[in-house]
Amino acid sequence: MAGNLHLPVVDLASPDLRAAAESIRQACVEHGFFYVTNHGVDRGLLEAVFAQSKGFFDLPMEEKMTLLRSANHRGYTPPYAEKLDASSQFVGDLKESFYIGPIDDGDMHNYINQWPSEECLPSWKETMKLYIAAVLDTGTRILSLIALGLDLDADFFHKIGALNCPSTFLRLLHYPGEVNESDSRNYGASAHSDYGVITLLVTDGTPGLQICREKDRNPQLWEDVHHIDGALIINIDLRCIVLLQSVKSGIRWLSFLTQILTHWCSAWKVVAVKHVHQGFHLSRVATA
């Protein structure tokens, strides 16, 4: 069963920060998802990321497999290699993906990332690095608004050390178009909740992203998340909720289930940044 969903749209260029923060707070209570516009990520850069992503996924499988995802979760994951919903009857989800971990020229993490050869995709690495820097800045601005929405200081996440050493992941995804009859009821990405602090997501406009706000309801109601040209889709993740519940009593934010339907044509998605900030411990947070 599917329904129509109307998520809030937050303008990050609004001079009224309190109103923007309240919009985000309400979105987190009711949906766990919202859109942001005027987010500062250049449209040309977004287009370049999708073009470079498509260039990689269009490569022959044997070439992609030379960058098979490592034990450090960097690199390529082929179709059927992941199953986000353990109860799924299928071997694995239909998507293929590519993980890029934290990037800091002075950080050891930079050296365990895998990259396509410059001979094959000469602009690939630099494009992804520019994009990660851009959305990291956007994510930090969103976290400030989340803090304001809970009557915390705008620099709350900075003060507790959450922004000192963010473990930031970029995930490129490709969902296939035509599938075998045996996969006709399979998902591009089966039902799951995200595990980080916030997820910044952008799609190529192909429909398929859905959320379920009541995971224990039977039958579940899945609602379509529509594409808004130029906007980012923001998802509040499990770790953010755990952190905020530790400092503000009475928070009833939820991280909802998401899934990706199979498509009538190929589709690309960029999970812009997994803002999994690991430079702090909950024991360091003063209760309020």
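What this report covers is the structure whose coordinates are included nearby. Keep in mind that this is a model prediction, so the values were computed, not measured. (Residues numbered from 1 in each chain as written. Predicted model: local features only at pLDDT ≥ 70, side-chain atom pairs only at ≥ 80, totals over all residues. Heavy atoms only, no water.)

## Digging into the overall build of the protein
- Tallying secondary structure elements over the protein gives six helices and 13 strands in all.
- Within the protein, the fraction of its 288 residues that count as buried is 51%.
- Sequence-distant contacts, at least 24 apart, represent 79% of the contacts inside the protein between residues at least 6 apart.
- Accessible surface, the protein as shown: approximately 13,400 Å² in total, 51% of it carbon and sulfur. (Helix = DSSP H or I, 4+ residues; strand = E, 2+ residues; numbered from the N terminus. Buried < 20%, exposed > 50% of the residue type's maximum accessible area, 1.4 Å probe, protein only. Contact = heavy atoms within 4.5 Å. Areas by Shrake-Rupley, 256 points an atom, 1.4 Å probe, with all protein chains shown as cover.)

## Some points on unusual backbone geometry
- With a phi angle near 50 degrees, Asn38 is a residue other than glycine that sits in the positive phi range.
- Of note, Asn38 is situated in the loop between strand 3 (33–37) and helix 2 (43–57).
- The class of Asn38 is partly exposed, set by a relative accessible area of 48%.

## A few points about the nonpolar core
- Counting residues in each nonpolar core, the largest one holds 50 residues, and the members touching the most others are Phe34, Phe56, Phe98, Trp124, Tyr131 and Ile142.
- For this core, the element with the most residues is helix 4 (residues 124–149), which contributes 12 residues.
- If you look at the next biggest cluster of nonpolar residues, it comprises nine residues, including Leu7, Leu201, Leu209 and Ala231. (Core = buried A, V, L, I, M, F, W, Y, C linked by side-chain atoms within 4.5 Å.)

## Here we look at the packing of helix 1 (residues 17–30) against helix 4
- Relative orientation of the contacting elements helix 1 and helix 4 amounts to 85 degrees, with a least axis distance of 8 Å. On the basis of their axis angle, the class for helix 1 and helix 4 is roughly perpendicular. Residues Leu17, Arg18, Ala20, Ala21, Ile24 and Arg25 of helix 1 touch helix 4, and the partners they reach there are Leu145, Ile146, Leu148 and Gly149.
- Of the residues that constitute the contact of helix 1 with helix 4, the class distribution is seven nonpolar, one polar and two charged. (Axes fitted to C-alpha atoms, helices over the stretch in contact; angles between N-to-C directions. Parallel < 35°, antiparallel > 145°, perpendicular 65-115°, else oblique. Nonpolar A, V, L, I, M, F, W, Y, C, P; charged D, E, K, R; others polar.)

## Focus: the environment of Tyr175
- Looking at the element boundaries, Tyr175 is found in strand 6 (residues 166–175).
- Tyr175 sits 96 residues away from Pro79 along the chain, and the two C-alpha atoms are 8.9 Å apart.

## Side note on a nonpolar patch on the surface
- Together, Met61, Met65 and Leu68 make up an exposed nonpolar region whose accessible area comes to about 240 Å².
- By the secondary structure assignment, Met61 is in helix 3 (residues 61–64). (Patch = residues over 30% accessible without salt bridge, like charges linked within 9 Å, V, L, I, M, F, W, Y side chains within 5 Å. Salt bridge = Lys/Arg side-chain N within 4 Å of Asp/Glu carboxyl O.)

## Some remarks on the pattern of salt bridges
- The tally for this structure, following the rule as stated, stands at seven salt bridges.
- A salt bridge links Arg25 to Glu22; its shortest N-O distance comes to 3.0 Å. One end of the pair is Arg25 and the other is Glu22, both in helix 1 and three residues apart, which spans about a single turn.
- Given a relative accessible area of 24%, Arg25 falls into the partly exposed group.
- Across the salt bridge formed by Lys159 and Asp155, the nearest N and O atoms sit 3.9 Å from each other.

## Details of the packing of aromatic side chains
- Applying the stated rule across the entire model yields six aromatic pairs.
- Judged by centre distance (6.3 Å) and plane angle (75 degrees), the ring pair of Trp115 and Trp124 falls under edge-to-face.
- Taken together, Phe56, Phe57, Tyr76, Phe98, Trp115 and Trp124 form an aromatic cluster joined through their ring pairs. (Phe/Tyr/Trp six-rings, centres within 6.5 Å; stacked < 30°, edge-to-face > 60°.)

## Quick look at the side chain of Gln52
- Within the fold, Gln52 resides in helix 2.
- Gln52 gets classed as buried once you look at its relative accessible area, which sits at 17%.
- Apart from residues no more than four positions distant in its own chain, Gln52 is found in contact with Leu121, Ser123, Trp124, Thr127 and Met128.

## So, the side chain of Thr77
- Looking at the element boundaries, Thr77 is found in strand 4 (residues 75–77).
- Taking relative accessible area as the criterion, Thr77 reaches 4% and is therefore assigned buried.
- Setting aside its immediate chain neighbours within four residues, Thr77 contacts Arg69, Glu82, Glu96, Ser97 and Tyr99.

## Regarding helix 2
- Here helix 2 is 15 residues long and its end C-alpha atoms lie 21 Å apart, about the 21 Å a rise of 1.5 Å per residue gives.
- Buried within helix 2 we find Leu45, Leu46, Val49, Phe50, Gln52, Ser53, Phe56 and Phe57. Projected down its long axis, helix 2 shows its buried positions confined to an angular sector of 165 degrees, all on one face.
- Regarding helix 2, its N-cap is Asp42, as a side-chain oxygen of that residue lies 2.9 Å from the backbone nitrogen of Gly44 further along. (Expected span 1.5 Å × (residues − 1). Arc of directions from axis to C-beta. Polar contact = N/O pair within 3.5 Å; in protein donor to acceptor, adjacent residues only side chain to side chain.)

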